[in-house]
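Structure at a glance
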Amino acid sequence: MDHTQTEAGERQPVQKLERVGPYRLLGELGEGGFGVVYEAEQTTPMVRRVALKLIKPGMDSRAVISRFEAERQALAVMDHPCIAKVFDGGVTESGLPYFAMELVRGLPITQHCDTQMLSIAERIGLFIHVCDAVQHAHSKGVIHRDLKPSNILVAYQGDEQIPKVIDFGIAKALGQKLSESTIFTRQGQLIGTPEYMSPEQAEMGAQDIDTRSDVYSLGVILYELLTGERPFDENELREGGKGDIQRIIREVDPPRPSTRLSSSLKTSRASMIASQRRTELRSLSQTLRRDLDWVVMKCLEKDRSRRYETANALAMELQRYLDNEPVLAGPPSVRYKVGKFVVRNRSGVLAAGLGLVLLVGGLAGTSYGLFEARRQGDRAKAAAIAESEQRELAEQRAEDLEIVADFQSEQLGAIDPEAMGVQIRDSIVNAAPEADRAELEERLSKINFTNIALGTLEANIFEDTVKTIDEQFASQPLVQAMLLQSATETMRDLGLYAKAMDPQMRALAIRRRELGNEDDATLTSMNNTGYLLQTQGRYAEAEPYWSEALEGYKKTRGADDTKTLTLVSNMGFLLRAQGKNDEAERYYREALEGYRRTLGNDNRKTLTLVNNMASLLQSQSKFEEAEKYYAESLSGSRRVLGNDHPETLATMNNMSTLYRSIGKYEEAEKLARESLAGARRVLGDEHPNTLAAANNLGYLLRMQERYDEAEPLIREALDGYQKLFGSEHPSSLAVRGSYALLLQGQGKLEEAREMLSRVLADRRRVMGDDHPETLRSISANVVILIKLGRFAEAEKLALEGERRNSALYGPVHPETVAVTERIVSLYEAWDEAEPGQGHAEEAERWRAKLAEVKATGGG
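Everything numeric in this text was worked out from a predicted model, so none of it was measured.

A few words now on the pairing of strand β6 (residues 48-55). Most of β6 sits inside the fold, with 6 of its 8 residues counted as buried. Pairing of strand β5 (residues 35-42) with β6, which is carried by 8 bridges, proceeds in the antiparallel orientation. Its bridge partner being in β6, E39 is matched across the sheet by A51. Hairpin connection from β5 to β6: 5 residues lie between these consecutive antiparallel strands.

What follows is the structure, encoded as structure tokens:
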């Protein structure tokens, strides 16, 4: 006899089945909440092995199949290597629904990772592929609704571990809701499994479920992959009633992953968990602290608007972590935490003015412990400052600093500068005579009290913190440097770049003196100094720090270390930002060769750098070589990430600009439209990548004089960029220039000239006179001035442009040759308007120079 599952969770016998439709049942693979899964052989119209899921009796078969038929249309368009396909569906002769799916021979992802003893980095790398698969499904309009380890199986294809997400779309087809029958099962395998269920899905009759519900479930799975535990205790969830389960899911905040581990440091299970991750327990807790804590807890936010918007955003965040780059997630915002603090401590919220003074004063007094000693390597340095017999005591001190830092960090998180600003304003108003309050409040409304509060906090907390570090740890220079570096990173994360420079430079100086220039901690401070300068746009100042750090990493870590290669790539970016394209190319090639050697051609970092290399070559007018790199990047991204991945879409957009540059307008438009449609679908209309794709398509249409089609696209990009970044951001400047050229094409020459003139002035100020984009703005202004007959102004700019292009690129570079051709055109037009004024002679002189340049290989 075969068995199935009743709503009460007791197995009941059903008639033995040997065939279901065109499928011959070979054996039972397992039982879930929906029913039983069999290995089966399809006999017609093809022969293949499948997994056949036979749905339990008691469900409305006709309704289920009707829903499944509609859902199968969406499932059919999914094509991702990490999603198991659903082939077919129907009903047995006795009316039981069934689904035939791709047969995946693998273990649940958590079990696979533990069995293979994968490290934290390896687990995250595998999990990123799962996020990519979920993103692909979301881009096709399919939400899973029941993501959990048993629905993510990992199998080997050769030596490669491939995760496969199964049961996509079945949740929606079955139309399950959270009810007692879906909660209380012995196996806990039903749709909406409580341990992995989002708060909004826990609502009875919940209908408003979107992709962020899957992001929540991904967060639970990631939590379990990292810690070996789930956010909520399974017994607590299942022993409570329905109301308790919903309350826990919707209202109770789970502990952070590192806290979950720290609370069980002494248990044998915790030690086993650490060993499965190939590390020590204390080291594992430290690894999870801060970045991974933040990423996981952002996924598990009760308010879905505070989670990652997409599975791809989560994947990109985890890739930043693997690349040793700052993650975008952080502790919950101060506004949010102060609200929760007030709810918990209504009686403790005092009058505004006095409360602010006390709060700032109290924090400043203990702020030396504010910053987390966040890296295990720094903690080891803190231990190393002691003599051998004091090492244990020093290590304990470092741990104490971490505990204090965690506590103080939580306290600082409850500070909201905006709320404090309101409190300051209200305290001033309330102190005035009642008759004067209305007038005073009106006058105060023009003052930004948020900035006043933030300035007060910065001045008191950060300055006093640095002072306290200096006083408390003057005799322990390595601990002092560690805390100064941590303070710097915190200030940098808050955007306080200028304030962070002094402690950053002093941390570097201490480490140089105490440890030497080649110690890893010193190199970290060098790298961070360069990064801090780069974030301020101080590229020339950042360059020597990154260059020195790079040489140090090569010597101590080797040329193929990931950290070394990342810095090589960053050096290329830095040089390109300064317009030093030839130097940037050397670094890009070095980094790319290293990535190919160590990571392989299909690694995401490799593919990203291939795309960046193509973009650089395009900017150097090396179009044939650029096309080869774009083709490689695009085909690799399609294969590895899928057609709808943002990186694939960005590469499509970039390749479209190349085709546009070489006059392949038909190919360019096809890619541009595909990129824009995908970006709108996956990222939304206001994402920078979507705006870039809109501008690119508009630019292409403008070049073909299809102005009516081009204008709304370029206008959309212009409005979007200025809203996101302001008018002087490089992307905003590029689109402003694009819109000016549109006006020019429409015959609105004066409007176009005025806008191009402003763009040039802004680029000179923001980027410098010799930046390639500034030089292109000079050329665009020359063209419009010639059209307007303002030849003297055009001449001055044209000669400046030729001089600067020659100095930057050399006289035979295509950019310089184009400028020279423009000067010839200028004098020809000028001579035609004002014959006999010597302009013909100038035109002839420049024609001769142009011919000489082309004879030596220019153009």
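What links the strands of a sheet is backbone hydrogen bonding, and the strands pair in either a parallel or an antiparallel sense. Read from one edge to the other, the open sheet built from 6 strands follows the order β3-β4-β5-β6-β8-β7, with strand pairing classed as antiparallel. Across the chains shown, the open sheet's two edge strands, defined by having one partner strand only, are β3 (19-20) and β7 (86-91). The pairing of β3 with strand β4 (residues 23-31) spans 2 bridges and is classified as antiparallel. Within β4, the position partnered with V20 by the bridge is Y23.

What follows is about the packing of aromatic side chains. Enumeration over the complete set of coordinates arrives at 3 aromatic pairs. Pairing F791 with W830 gives two aromatic rings, centres 5.8 Å apart and planes at 25°, and the pair type is stacked. Here the residue F791 occupies a position in helix α36 (residues 791-809), and W830 occupies one in helix α37 (residues 814-833), the gap between them amounting to 39 residues. With centroids separated by 6.2 Å and ring planes inclined at 5°, the aromatic side chains of Y827 and W830 adopt a geometry described as stacked. Of this pair, Y827 and W830 are both found in helix α37, 3 residues apart, which corresponds to roughly one turn of the helix. Residue W830 is classed as buried on the basis of its relative accessible area, which comes to 10%. Aromatic ring contacts, followed pair by pair, group F791, Y827 and W830 into a single cluster. Positioned above the aromatic ring of Y308 is the side chain of K298, whose terminal nitrogen or guanidinium carbon lies 5.3 Å from the ring centre. Sitting over the ring of Y699, R702 keeps its end group 4.5 Å from the ring centre.

With 16 residues, helix α27 (residues 604-619) should reach 22 Å at 1.5 Å per residue; the first-to-last C-alpha distance of 23 Å fits that figure. Of all 16 residues in α27, 13 are buried; the element is thus mostly enclosed. Its side-chain oxygen at 2.8 Å from the backbone nitrogen of K605, N603 defines the N-terminal cap of α27.

Between its first and last C-alpha atoms helix α29 (residues 646-661) spans 23 Å; for 16 residues at 1.5 Å apiece the expected length is 22 Å, and the two agree. Among the 16 residues in α29, 12 count as buried, and that is most of the element. Among all positions of α29, only P646, T648, L649, T651, M652, N653, M655, S656, T657, L658, Y659 and R660 are buried. Close packing links the buried residues of α29 with α13 (311-322), α27, α28 (623-640), α30 (665-683) and α31 (688-703). Of the residues one or two after α29, G663 is the one with positive phi, at around 85°.

Before going further, it helps to examine the environment of C131. Along the chain, C131 falls in helix α3 (residues 120-139). C-alpha of C131 to C-alpha of V215: the two residues are 84 residues apart in sequence and 8.6 Å apart in space.

Look at α29 against α31: their axes get within 10 Å of each other, and the N-to-C directions meet at 20°. In terms of axis orientation, α29 runs roughly parallel to α31. In this structure, α29 meets α31 at a crossing whose hand is left-handed. Every residue of α31 that contacts α29 at P646, A650, N653, S656, T657 and R660 is listed here: N689, A692, A693, N696, Y699, L700 and M703. Of the residues in the contact of α29 with α31, the class split is 7 nonpolar, 5 polar and 1 charged.

Our focus in this paragraph is the pattern of salt bridges. For the coordinates displayed, the defined rule picks out 63 salt bridges. E590 serves as the salt-bridge partner of K554, at 2.6 Å between the closest nitrogen and oxygen. You can see K554 sitting in helix α24 (residues 539-556) and its partner E590 sitting in helix α26 (residues 581-598), a full 36 residues away along the chain. The partly exposed category is assigned to K554, whose relative accessible area is 26%. For E590, a relative accessible area of 26% translates into the label partly exposed. For R765, the salt bridge is made with E728, and the minimal N-O distance between the two is 2.3 Å.

As a further point, take unusual backbone geometry. Look at the link from T44 to P45: it is a cis peptide, with omega at -5°. In this structure, P45 sits in the loop between β5 and β6. The phi angle at R278 is positive, at roughly 55°, despite the residue not being glycine. Tracing the backbone through its elements, the reader meets R278 in the loop between α10 (268-276) and α11 (281-288). Overall, the relative accessible area of 48% leaves R278 in the partly exposed class. Even without being a glycine, S621 presents a positive backbone phi close to 65°. Within the element layout of this structure, S621 appears in the loop between α27 and α28.

What counts, and where the lines are drawn
Residues numbered from 1 in each chain as written. Predicted model: local features only at pLDDT ≥ 70, side-chain atom pairs only at ≥ 80, totals over all residues. Heavy atoms only, no water. Buried < 20%, exposed > 50% of the residue type's maximum accessible area, 1.4 Å probe, protein only. Helix = DSSP H or I, 4+ residues; strand = E, 2+ residues; numbered from the N terminus. Pairing = 2+ DSSP bridges. Phe/Tyr/Trp six-rings, centres within 6.5 Å; stacked < 30°, edge-to-face > 60°. Lys NZ or Arg CZ within 6 Å of the ring centre and 35° of its normal. Expected span 1.5 Å × (residues − 1). Polar contact = N/O pair within 3.5 Å; in protein donor to acceptor, adjacent residues only side chain to side chain. Contact = heavy atoms within 4.5 Å. Axes fitted to C-alpha atoms, helices over the stretch in contact; angles between N-to-C directions. Parallel < 35°, antiparallel > 145°, perpendicular 65-115°, else oblique. Left-handed = near helix turned anticlockwise from the far one by under 90°. Nonpolar A, V, L, I, M, F, W, Y, C, P; charged D, E, K, R; others polar. Salt bridge = Lys/Arg side-chain N within 4 Å of Asp/Glu carboxyl O.

That is the geometry; function is a separate question.
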